[in-house]
Amino acid sequence: MSGSPPKSAALTDSHEFPDPPERSLDSLILHATDNAVAWITLNRPEAMNALTWDQRERVISLLAAASADPEVRAVVVTGTGRGFCAGADLRGGPPAGDRVPGDVARTIRLGAQRLVSAVLDCEKPVIAAVNGTAAGIGAHLAFACDLVLAADSARFIEVFVRRGLVPDGGGAYLLPRLIGPRRAKELMFFGDALPAADAERFGLVNKVVPAGELESTARGWAERLATGPTRALALTKQLVNASLESDRATAFAAEAAAQEINMTTVDANEGVASFVERREPKYRGR
């Protein structure tokens, strides 16, 4: 779904920013593929990379395209300036008094939840390179990624409570699975900024690096993933993402099915052959 938000759009975790200057969508959401890695860069630094409706739709479409493109084997999501993503910046909606029942739920389903689902469902590993503040849906965008790198100056904020709002964008789904319900409630009840070092200690971040090393570290991780067995990584991602919602029998059945599917791939055969022949495998992502 693309274009402008419906008239019933509700303002959720948005910020008060000046109207964006007349810039093309391609300049606001940068996209490039390098060494089989798709880079998606939020590029509205004057607004801490808060996402408008159109920008969010662009990110969703780029993630879907990465899934379908055999030449893309890993994805990095990052931002420019001081912010990774300061949340949603939904414009064009009516005043609160003009809403009708169902407007808010519909907006959340079609917006923030679709964005988080696009990351979770992407068939390629997705790395968040968090360069600065990640607040609201911006934090959930990062937490939905498979791996999270953060600059030492980054911070994460469950900002919703500050505005009297319920977390959206899958926050109440993601956080308890990542850090447990008590830590999740602490972050969501108080809305305090969580520095990168504490986010790493909580388990929300894989690694914290100096700001000047963030891009190179993300590039190194992504390019390593891009030389791996892409379909095996996709199936592994699916198994892990589903594991906390499955009983043992269901999880074991899914694992066996994934193994069956994977053994039909070129990369699985290459992996076995390279082991037998005592050489490094050369995976093709197929």
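Quick caveat, the model's predicted, so the values are computed rather than measured.

Another aspect to go through is the pattern of salt bridges. If you walk through the whole model with that rule in mind, you get 15 salt bridges. Across the pair Asp 89 and Arg 44 runs a salt bridge, and its minimum N-O distance is 3.1 Å. Of the two residues, Asp 89 sits in the loop between β4 (83-85) and α3 (103-110) while Arg 44 sits in the loop between β2 (37-42) and α2 (53-68), which places them 45 residues apart along the sequence. Judged by its relative accessible area of 3%, Asp 89 is buried. Here the salt bridges share partners, and the residues they tie into one network are Asp 34, Glu 215 and Arg 219.

Judged by how many residues are buried, strand β5 (residues 126-130) sits mostly within the fold: five of five residues are covered. Judged by which residues are buried, β5 turns out to be covered on both faces: Val 126, Ala 128 and Val 130 on one side and Ile 127 and Ala 129 on the other are all buried. Where strand β3 (residues 74-79) meets β5, four bridges bridge the pair, whose relative direction is parallel. Each residue of the ladder has a partner; that of Thr 78, found in β5, is Ala 129. Looking at chain direction, β5 and strand β7 (residues 147-151) are connected through four bridges and run parallel. Bridged to Val 130 within β7 is Ala 150.

Take the packing of aromatic side chains next. For any pair of aromatic rings, the description consists of the separation of the ring centres together with the inter-plane angle of the planes. Applying the stated criterion across every chain, the model contains one aromatic pair. Between Phe 143 and Phe 156, the ring centres sit 5.4 Å apart and the planes meet at 25°, which makes this aromatic pair stacked. With Phe 143 in helix α5 (residues 137-144) and Phe 156 in strand β8 (residues 155-157), this residue pair connects regions lying 13 residues apart in the sequence. The two residues Phe 143 and Phe 156 agree in class, both being buried.

With a phi close to 55°, Asn 35 is a non-glycine residue in the positive phi region. Within the element layout of this structure, Asn 35 appears in the loop between β1 (29-34) and β2. Asn 35 sits in the exposed class, given a relative accessible area of 52%. In this structure, Arg 278 takes a positive phi of about 55° despite not being glycine. Tracing the backbone shows Arg 278 in the segment after α12 (266-276).

Our next topic: the packing of α2 against helix α4 (residues 112-121). For the pair α2 and α4, the least separation of the axes is 9 Å and the interaxial angle reads 20°. The orientation of α2 with respect to α4, classified from their angle, is roughly parallel. Like other packed secondary-structure pairs, α2 and α4 cross with a definite hand, here left-handed. Of the residues in α4, those in contact with Arg 56, Glu 57, Val 59, Ile 60, Leu 63 and Ser 67 of α2 are Ala 112, Arg 114, Leu 115, Ala 118, Val 119 and Asp 121.

According to the relative accessible area criterion, Arg 44 is buried, its value standing at 1%. For Arg 44, the side chain forms a polar contact with the main-chain oxygen of Ala 50, separated by 3.1 Å.

As a further point, take a positive patch on the surface. Taken together, the side chains of Arg 82, Arg 155, Arg 162 and Arg 163 make up a positively charged region of the molecular surface. Tracing the backbone shows Arg 155 in strand β8. Taking relative accessible area as the criterion, Arg 155 reaches 37% and is therefore assigned partly exposed.

Another aspect to go through is the sheet that holds β2. Across the sheet, six strands lie side by side as β1-β2-β3-β5-β7-β10; this open sheet has mixed pairing. Every interior strand has two partners, whereas the edge strands, β1 and β10 (207-209), have only one. Across the sheet, the axes of successive neighbouring strands diverge by a mean angle of 20°, strand direction being ignored. Two elements, β2 and β3, share six bridges in a ladder whose sense is parallel. In the sheet register, Thr 41 faces β3, and the bridge partner there is Thr 78.

Tracing the backbone through its elements, the reader meets Met 188 in helix α7 (residues 181-190). Looking at Met 188, the relative accessible area reads 14%, which means it is buried. Separated by 17 residues in the primary sequence, Met 188 and Gly 171 place their C-alpha atoms 8.9 Å from one another. Discounting chain neighbours no more than four positions away, the residues touching Met 188 are Glu 158, Val 161, Pro 167, Gly 171, Ala 172 and Leu 175.

The rules behind these values
- Residues numbered from 1 in each chain as written.
- Predicted model: local features only at pLDDT ≥ 70, side-chain atom pairs only at ≥ 80, totals over all residues.
- Heavy atoms only, no water.
- Salt bridge = Lys/Arg side-chain N within 4 Å of Asp/Glu carboxyl O.
- Helix = DSSP H or I, 4+ residues; strand = E, 2+ residues; numbered from the N terminus.
- Buried < 20%, exposed > 50% of the residue type's maximum accessible area, 1.4 Å probe, protein only.
- Pairing = 2+ DSSP bridges.
- Phe/Tyr/Trp six-rings, centres within 6.5 Å; stacked < 30°, edge-to-face > 60°.
- Axes fitted to C-alpha atoms, helices over the stretch in contact; angles between N-to-C directions.
- Parallel < 35°, antiparallel > 145°, perpendicular 65-115°, else oblique.
- Left-handed = near helix turned anticlockwise from the far one by under 90°.
- Contact = heavy atoms within 4.5 Å.
- Polar contact = N/O pair within 3.5 Å; in protein donor to acceptor, adjacent residues only side chain to side chain.
- Patch = residues over 30% accessible without salt bridge, like charges linked within 9 Å, V, L, I, M, F, W, Y side chains within 5 Å.
- Areas by Shrake-Rupley, 256 points an atom, 1.4 Å probe, with all protein chains shown as cover.
- Lys, Arg positive; Asp, Glu negative; His and termini not counted.
- Charge placed at Lys NZ, Arg CZ, Asp CG, Glu CD.

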